Amino acid sequence: MFYQLPPAGNPITLRKSDKPLEDLETIFQTSRFRLYGSGTSALAAVIKAVMAARGTGKAEVLLPAYTCPELVSATLFAGADPVLVDLEPKRPWLNLTELEKKISADTAAIIAVNLFGIPERFDRLKALTKHRGITLIEDSAQYFPASANAIRWQGDLTILSFGRGKPVSLLGGGAVICSDNSISHYLPSNETEGGGAGFTADKLFQLKATMYNLLLSPRFYWLPESLPFLHLGETVYHPMDSIKAFPSGRLAYLPPNLKAYWDRHRHSGGRTDRIFSQLTHGEWTDLPAICCGNELPPLIRYPFLAANKKQANRIYSRSKRHGLGVTRMYKKPLNEIEGLEHVFAGQGPFPNAKEFADLLLTFPTHRGVPENFAEVFNKTLRIDTGI
Ligand SMILES: Cc1ncc(COP(=O)(O)O)c(C=O)c1O
């Protein structure tokens, strides 16, 4: 119980930039970005902008049936109708055949998610959206490029999150990168103050960031895990009430944190690949190995699909007992999540998303994962579970 690897999360650096906006332009390689209070606020702003640019009342947004429920919150808040699309069998990607069938005259946008950091197939998605005037939104909350050279914003608009457990965390915040300038001037301004400025707010942020860094240690992570009111690891639907502003006092911390992320990747030397290539089990689907080719992108978590649900449950409960940071992520497709059943009544079934949810196991990839993780896993789990 007293040793728990956190499932995800990188430490926050408390270095500050004295010209943050200039630095962000250099890092993002564009001046066309807007900051918001969260990834969800950024996504809602994008959908509102797409709707304003279209100028018609009804708008549908297509999104994967297995993803974070915040995509639904943002879509509904913006005033659009979310339409779910099943996944490809045993893949984290939108099913292209079903996607094409669900495109209608009302389709305003498609949200493509880089789940865990595995890139969506943007070339194929662009071939479907370009000539139809549909906006392609890249949801990159779970992915940030490993270096300046790797930056390729793939959507007409891309959203980023700086929330807890994200590739680059400031305990909150989000951004929109606008590759399609015809939409950018429709982006709504922040409706609610972000707060977070001033001496006290700065000290409070520093304190929270220090606590966050401390709790990333396996010696302390059991503590927040054992507090049920924090709801860690639970998938809960939260309706949105406003588009929040980026907390202005945190702006100076953002560029140094993005640079620290790049530094970590420069020095990681294929660590994730090395650790998880030893973990591959004949019966499992090694999603990054299958979906990403030779060079792994930075993965927020390493996802495998177990051979069957029983095995997934068994590995999860045993690895939890051994504090290995394994998770089942969202556990259900969006249409089955509590509070969303009525939103998606009449949509589905989504058999591939359901199977994905049933079989998924994610493993931690952060710096706290020991180099001998596979050995520990093999010893403690394979023997325990007999796989
Ligand atoms: C794929 C995806 N999109 C959007 C979001 C929303 O980001 P935020 O938590 O910053 O609102 C998340 C959050 O977990 C996410 O995983």
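Please refer to the structure higher up on the page.
Definitions and limits used
- Residues numbered from 1 in each chain as written.
- Predicted model: local features only at pLDDT ≥ 70, side-chain atom pairs only at ≥ 80, totals over all residues.
- Helix = DSSP H or I, 4+ residues; strand = E, 2+ residues; numbered from the N terminus.
- Rg over C-alpha atoms; globule rule 2.2 N^0.38 Å.
- Buried ≥ 20, exposed ≤ 12 C-beta atoms within 10 Å, placed from the backbone.
- Expected span 1.5 Å × (residues − 1).
- Arc of directions from axis to C-beta.
- Pairing = 2+ DSSP bridges.
- Right-handed = clockwise from strand over helix to strand, strands pointing away.
- Near = placed C-beta within 6 Å.
- Nonpolar A, V, L, I, M, F, W, Y, C, P; charged D, E, K, R; others polar.
- Axes fitted to C-alpha atoms, helices over the stretch in contact; angles between N-to-C directions.
- Core = buried A, V, L, I, M, F, W, Y, C linked by C-beta atoms within 7 Å.
- Contact = placed C-beta atoms within 7 Å.

Draft legend 1. Summary view of the overall build of the chain. Counting secondary structure elements, the chain contains 14 helices and 10 strands. Relative to its length of 387 residues, the chain is compact, with a C-alpha radius of gyration of 20 Å against a globular reference of 21 Å. Taking the principal axes of the C-alpha coordinates as reference, the chain spans close to 60 × 50 × 40 Å. Per-residue burial over the chain gives 45% buried out of 387 residues.

Draft legend 2. Looking closely at helix α12 (residues 309-321). If you check α12, its first and last C-alpha atoms are 18 Å apart, about what 13 residues at 1.5 Å a residue would give, namely 18 Å. Every buried residue belonging to α12 is among Ala312, Ile315 and Ser319, and all of these are buried. Taken down its axis, α12 places every buried residue within 70° of arc, on the same side. The outward face of α12, more than 90 degrees from its buried face, is lined by the exposed residues Lys309, Lys310, Ser317 and Arg321. Just past α12, the residue Gly323 takes up positive phi, approximately 70°.

Draft legend 3. View of the pairing of strand β4 (residues 107-113). In terms of burial, β4 is a largely internal element, 7 of the 7 residues being buried. Sheet topology note: the β4/strand β5 (residues 135-139) ladder contains 5 bridges and is parallel. Paired with Ala109 across the strands is Thr135, a residue of β5. Taken together, β4, helix α5 (residues 122-129) and β5 form a β-α-β motif whose crossover is right-handed.

Draft legend 4. The arrangement of the site of the ligand in detail. As a matter of local geometry, the ligand sits amid 14 residues, with Ser38, Gly39, Thr40, Ser161 and Gly163 nearest to it. Elements represented by at least two residues in the shell around the ligand include exactly α2 (39-54) and α3 (70-78). Tallied by class, the residues present in the shell around the ligand amount to 4 nonpolar, 8 polar and 2 charged.

Draft legend 5. The sheet that holds strand β2 (residues 60-64), seen in detail. Taken in spatial order, the 7 strands of this open sheet run β1-β7-β6-β5-β4-β2-β3, and their pairing is mixed. Here the strands that pair on one side only, and so sit at the sheet edges, are β1 (33-36) and β3 (81-85). Neighbour-to-neighbour, the strand axes of this sheet turn through a mean angle of 25°, independent of strand direction. Where β1 lies against strand β7 (residues 174-178), 4 bridges are found, and the strand directions are antiparallel. Residue Tyr36 lies in a different strand from β7, and its bridge partner there is Gly174.

Draft legend 6. How the structure looks around the nonpolar core. If you look at the biggest cluster of nonpolar residues, it comprises 103 residues, and the most contacted ones within it are Val46, Ile47 and Val176. Here the element with the most residues in this core is α2; it accounts for 9 residues. Excluding residues within four positions of it along the chain, Val46 makes contact with Ile137, Leu157, Ile159 and Val176.

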